[in-house]
Amino acid sequence: MRTSTPRRYLMCPPAYFAVSYSINPWMDPTKPVDPALALFQWEDLRDRYRALGHTVEVLDPVPGLPDMVFAANGATVVDGHVLGARFANPERTGEAPAHLAWFRAHGFAEVREPVHVNEAEGDFAVTTSWILAGQGFRSSLLSHTEAQEFFGRPVIGLELVDPRFYHLDTALSVLDGAADEVMYYPGAFSPGSRAVLARLFPDALLADEEDAAAFGLNAVCDGLHVLLPRAARGLRAPLRERGFDPVPVDMSELHKAGGSVKCCTLEIRPAPGR
Ligand code: ARG
């Protein structure tokens, strides 16, 4: 039996959303985006979280930072400890201080500005026992050690090899519950990392290329519900077979920037016992 547990998320509305530069293969600045539709889709996601009993905090968007809607890249929060981000691309560096300021203003005592490049939950995935950490396109290898030292949790490094899946959260999703459970697309990882994943998660749900390219792995799980892009149809039945309740959402406008459900959602994981 799966059960959902109430979560606390931080989201940032796409008030200044645009595709004005290209830092991943999905971004085409010559293709039009519809900012009103992006906002509508984002509000729908926020309202669904709230309807499921979760708390959604809102971070004020900053003009000139069109990717700030992807709040998951701004900080990683484990046991109430906040590790800030350091972006790989200059277009996004301004987002990091806005996140640090939000956490400092909201009573988080342990807030660390990182030394090494890390794009937060874009590349850090927290399971019950470990932190899985992506590397290859954005976050640096050194950020893995930095995260391990800061959080005191074992960090498992994984190498990403396909530029379409430039962040770990485009290739792997934690099916968050009592056990270490994930779903992932093997083709996004190096052979060694694939072997590591097979060893740690022998029963993992494996996504095919089509569902991965529809951002099906950019999903958020509360223990029971799995919010995932509507276009990733192939994942719904296997999730249901495993006792999850898939909740399809339309994030088509944000796909144009290379992001979806998980990218828009930073999870604030509380200190134990809180
Ligand atoms: N345009 C953004 C970038 O390339 C998209 C970030 C998506 N976020 C994520 N967590 N995968 O940085």
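Source: prediction; values computed, not measured.

J.: What is the right way to look at unusual backbone geometry in this model?
T.: The general pattern is negative phi for most residues beyond glycine and trans for most peptide bonds. We note that D79 has phi near 55°; this positive angle belongs to a residue other than glycine. Along the chain, D79 turns up in the loop between β3 (75–78) and β4 (81–84). With phi around 65°, F215 is a residue other than glycine that occupies positive phi space. Assessed through its relative accessible area of 1%, F215 is described here as buried.

J.: Whenever I open this one, empty space enclosed by the protein confuses me. Can you help?
T.: Leftover empty space is mapped by rolling, across the atoms, a probe with the size of a water molecule. Inspection of every chain in the model, using the stated rule, returns four cavities of 30 Å³ or more. Here the largest cavity defines a volume of roughly 230 Å³. V126, V174, A219, K262 and R269 are, among the 19 residues lining the largest cavity, the residues nearest its centre. Elements with a contribution of two residues or more to the lining of the largest cavity: β6 (124–126), β9 (172–174) and β12 (220–221). Class assignment of the residues belonging to the lining of the largest cavity gives a composition of 10 nonpolar, two polar and seven charged. Partitioning the lining of the second largest cavity into residue classes produces six nonpolar, five polar and three charged.

J.: Would you mind going over the packing of aromatic side chains with me for this structure?
T.: Both the distance between ring centres and the angle between the ring planes are used here to describe each pair of aromatic rings. Taken as a whole, this structure holds nine aromatic pairs when the rule is applied. Ring geometry for W130 versus F201: centroids 5.8 Å apart, planes at 85°, classification edge-to-face. Here W130, found in the loop between β6 and β7 (131–135), pairs with F201, found in the loop between α4 (191–200) and β11 (205–206); they are 71 residues apart in sequence, far enough to count as distant. The pair formed by W130 and F201 is uniform in burial state, with each residue classed as buried. With centroids separated by 6.1 Å and ring planes inclined at 85°, the aromatic side chains of Y184 and F189 adopt a geometry described as edge-to-face. The buried category is assigned to Y184, whose relative accessible area is 4%.

J.: I tried to follow the layout of surface pockets on my own but got confused; where do I start?
T.: Looking at the largest pocket, its volume works out to about 380 Å³. Taken together, 18 residues form the lining of the largest pocket, with R7, D176, E267, R269 and P270 sitting closest to its centre. Of the residues contributing to the lining of the largest pocket, the split by class is five nonpolar, six polar and seven charged. Forming the walls of the second largest pocket are 13 residues, and the residues nearest its centre are R8, G80, F108, A271 and R274. Looking at the lining of the second largest pocket, its residues break down into five nonpolar, four polar and four charged.

J.: In this structure, what is going on with the pairing of strand β2 (residues 55–58)? I would like to understand it.
T.: The side chains of a regular strand alternate, first on one face of the sheet and then on the other. The pairing of strand β1 (residues 8–11) with β2 spans four bridges and is parallel. By the bridge assignment for β2, M11 is matched with V58. The parallel pair β1 and β2, bridged by helix α1 (residues 35–51), forms a crossover whose chirality is right-handed.

J.: Quick question: what am I supposed to make of the site of the ligand here?
T.: With respect to spatial proximity, 16 residues lie near the ligand, and among them N24, R92, H167, D169 and C263 are the closest. A distance of 2.8 Å separates an oxygen atom of the ligand from a polar atom in the side chain of N24. Against a free-state accessible area of 350 Å², the protein chains account for coverage of 100% of the ligand. Structurally, the ligand is housed in the second largest cavity. Looking at the shell around the ligand residue by residue, the classes come out as six nonpolar, six polar and four charged.

How each quantity is defined
Residues numbered from 1 in each chain as written. Predicted model: local features only at pLDDT ≥ 70, side-chain atom pairs only at ≥ 80, totals over all residues. Heavy atoms only, no water. Helix = DSSP H or I, 4+ residues; strand = E, 2+ residues; numbered from the N terminus. Buried < 20%, exposed > 50% of the residue type's maximum accessible area, 1.4 Å probe, protein only. 1 Å grid on protein atoms, 1.4 Å probe; cavity = no way out; pocket = protein on both sides within 12 Å on 5 of 7 lines; lining within 4 Å. Points joined across faces, edges and corners; volume = space filled by probe spheres on them. Nonpolar A, V, L, I, M, F, W, Y, C, P; charged D, E, K, R; others polar. Phe/Tyr/Trp six-rings, centres within 6.5 Å; stacked < 30°, edge-to-face > 60°. Pairing = 2+ DSSP bridges. Right-handed = clockwise from strand over helix to strand, strands pointing away. Near = heavy atom within 4 Å. Polar contact = N/O pair within 3.5 Å; in protein donor to acceptor, adjacent residues only side chain to side chain. Areas by Shrake-Rupley, 256 points an atom, 1.4 Å probe, with all protein chains shown as cover. Sits in = over half its atoms within 2 Å of the grid points.

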